[in-house]
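Letter by letter, the chains look like this.
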Amino acid sequence: MSDLALQYERPSKDASFMEIAESVSMRSTCLRRRYGAVIVSKDGRIVSTGYNGAPRHRANCSDLKSCLREELKVKPGTHYELCRAVHAEANAIINGNPLDIIGSTIYLSGTDANTNQHTRSIAPCAMCQRLILNAQIARVVMRSPDGTLVEVDPLTWDDDSALIEEYRRNMQNPPAGNVNAVASGTNSSPTGSTSNAAQTSASANTSATAQPSATDQTNEDKASEAAALLSKHNNCGCGCGGGCCG
């Protein structure tokens, strides 16, 4: 037996398909994170591949040289309405034969576009989790930052209840100084008019309640900036609706 044969270690099927997923991710057009997905049937055949990028007939972020989510510092995993891309998992599911996908395994690889390091969190977003469940994919294999492979059963995912509860808590306990909260606290009579005393009191306290704080002004400035950026993307001619990837 040659020295070369002694040194060679044959990779597992999971490791091999993960390398293919990483290669597919290099086709990504995202300026923040590159993702690749490979769906493999129950009998070990590659059914389809996908990477994150803009839909057909629309310009990619890599072509536009801009990313709205990056400009607005949008937290990863949130506000995907501002993302122009179709995610890697979704593209792989769209490209595959539905019958071949049932009971299959999907391999996901993610790389930070700036550092070329594996992403810290490769878990599919809530929308892609739903697609994976509906496609009846049986296994999800991901690569952790240290290179080890992590296998997940989609049926063990949370049903969004934690996300919903967090949203409800935020709605019930708005941040202090919220302009809308102050506005909604205005007193009025059952007929919709205020008494003279109430009007006098409101006038006397106008400077204390009507003047926005520095924090409120900053939020308003950010909202105006976001609206301007959305308008720019809406008028770019591609019909993207104001998104990019990440």
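Residues numbered from 1 in each chain as written. Predicted model: local features only at pLDDT ≥ 70, side-chain atom pairs only at ≥ 80, totals over all residues. Heavy atoms only, no water.

Undergrad: Got a sec to walk through the packing of aromatic side chains? Specific residues and values, please.
TA: If you walk through the whole model with that rule in mind, you get one aromatic pair. The interplanar angle of 40 degrees and the centroid separation of 5.4 Å between the aromatic rings of Phe17 and Tyr107 together place this pair among those described as tilted. Placement of Phe17 in helix H2 (residues 13-25) and of Tyr107 in strand S3 (residues 105-112) is noted, with a sequence separation of 90 residues between them. Of the two residues examined, Phe17 and Tyr107, each falls in the buried class. (Phe/Tyr/Trp six-rings, centres within 6.5 Å; stacked < 30°, edge-to-face > 60°. Helix = DSSP H or I, 4+ residues; strand = E, 2+ residues; numbered from the N terminus. Buried < 20%, exposed > 50% of the residue type's maximum accessible area, 1.4 Å probe, protein only.)

Undergrad: Describe the nonpolar core, and please don't skip the residues or the numbers.
TA: Judged by nonpolar contacts, the single largest core of 17 residues is most densely connected at Ile39, Ile106, Leu108, Ile132, Ile137 and Val140. Among the elements of the structure, strand S1 (33-40), helix H5 (88-95), S3 and strand S4 (139-143) are those that each provide at least two residues to this core. The element contributing the most residues to this core is H5, with three residues. Discounting chain neighbours no more than four positions away, the residues touching Ile137 are Ile39, Ile93, Ile101, Ser104, Thr105, Ile106, Ile132 and Pro154. Phe17, Met18, Ala21 and Val40 belong to the second-largest nonpolar core, a separate cluster that totals eight residues. (Core = buried A, V, L, I, M, F, W, Y, C linked by side-chain atoms within 4.5 Å. Contact = heavy atoms within 4.5 Å.)

Undergrad: Which residues make up the pattern of salt bridges, and what values do they have?
TA: Evaluation of the coordinates by the stated rule reveals eight salt bridges. For Glu151, the salt bridge is made with Arg139, and the minimal N-O distance between the two is 3.0 Å. Highlighted residues: Glu151 in strand S5 (residues 149-152) and Arg139 in strand S4, separated in sequence by 12 residues. Exposure remark for Glu151: the relative accessible area of 52% places this residue in the exposed category. On the basis of relative accessible area, Arg139 is assigned to the partly exposed category, the value being 22%. Several salt bridges converge on common partners, so that one network encompasses Asp14, Arg139 and Glu151. (Salt bridge = Lys/Arg side-chain N within 4 Å of Asp/Glu carboxyl O.)

Undergrad: Any chance you could break down the pairing of strand S2 (residues 46-51) for me, citing the residues and the numbers?
TA: Both S1 and S2 contribute to a ladder of five bridges, which runs antiparallel. When the sheet's bridge partners are listed, Ile39 is paired in S2 with Ser48. Taken together, S1 and the strand that follows it, S2, pair antiparallel across an intervening segment of five residues, in which Gly44 is found at a positive phi of about 85 degrees. (Pairing = 2+ DSSP bridges.)

Undergrad: Give me the environment of Leu155: which residues, what numbers.
TA: Residue position: Leu155 is located in the loop between S5 and helix H8 (161-172). As for Leu155 and Gln136, which are separated by 19 residues in sequence, their C-alpha atoms are 9.7 Å apart.

Undergrad: Can you tell me about the packing of H5 against helix H7 (residues 126-134), naming the residues and giving the values?
TA: Working note: a packed helix pair is described by the angle between its axes plus the distance between those axes. Put simply, H5 and H7 touch, their axes get as near as 9 Å, and they point 25 degrees apart. Classified by the angle between their axes, H5 and H7 sit roughly parallel to one another. Note that H5 runs across H7; the crossing there is left-handed. From H5, Glu89, Ala90 and Ile93 reach across to H7, where they touch Cys128, Leu131 and Ile132. Here the residues of the contact of H5 with H7 sort into five nonpolar, no polar and one charged. (Axes fitted to C-alpha atoms, helices over the stretch in contact; angles between N-to-C directions. Parallel < 35°, antiparallel > 145°, perpendicular 65-115°, else oblique. Left-handed = near helix turned anticlockwise from the far one by under 90°. Nonpolar A, V, L, I, M, F, W, Y, C, P; charged D, E, K, R; others polar.)

Undergrad: Give a description of the sheet that holds S5 that names residues and reports values.
TA: Taken in spatial order, the five strands make up an open sheet running S2-S1-S3-S4-S5, and their pairing is mixed. What marks the edges here is a single partner per strand, and that holds for S2 and S5. Going across the sheet, the axis of each strand differs from the next one's by a mean of 20 degrees, ignoring polarity. Along the sheet, H2 makes contact with S1, S2, S3, S4 and S5, crossing S1 at roughly 135 degrees.

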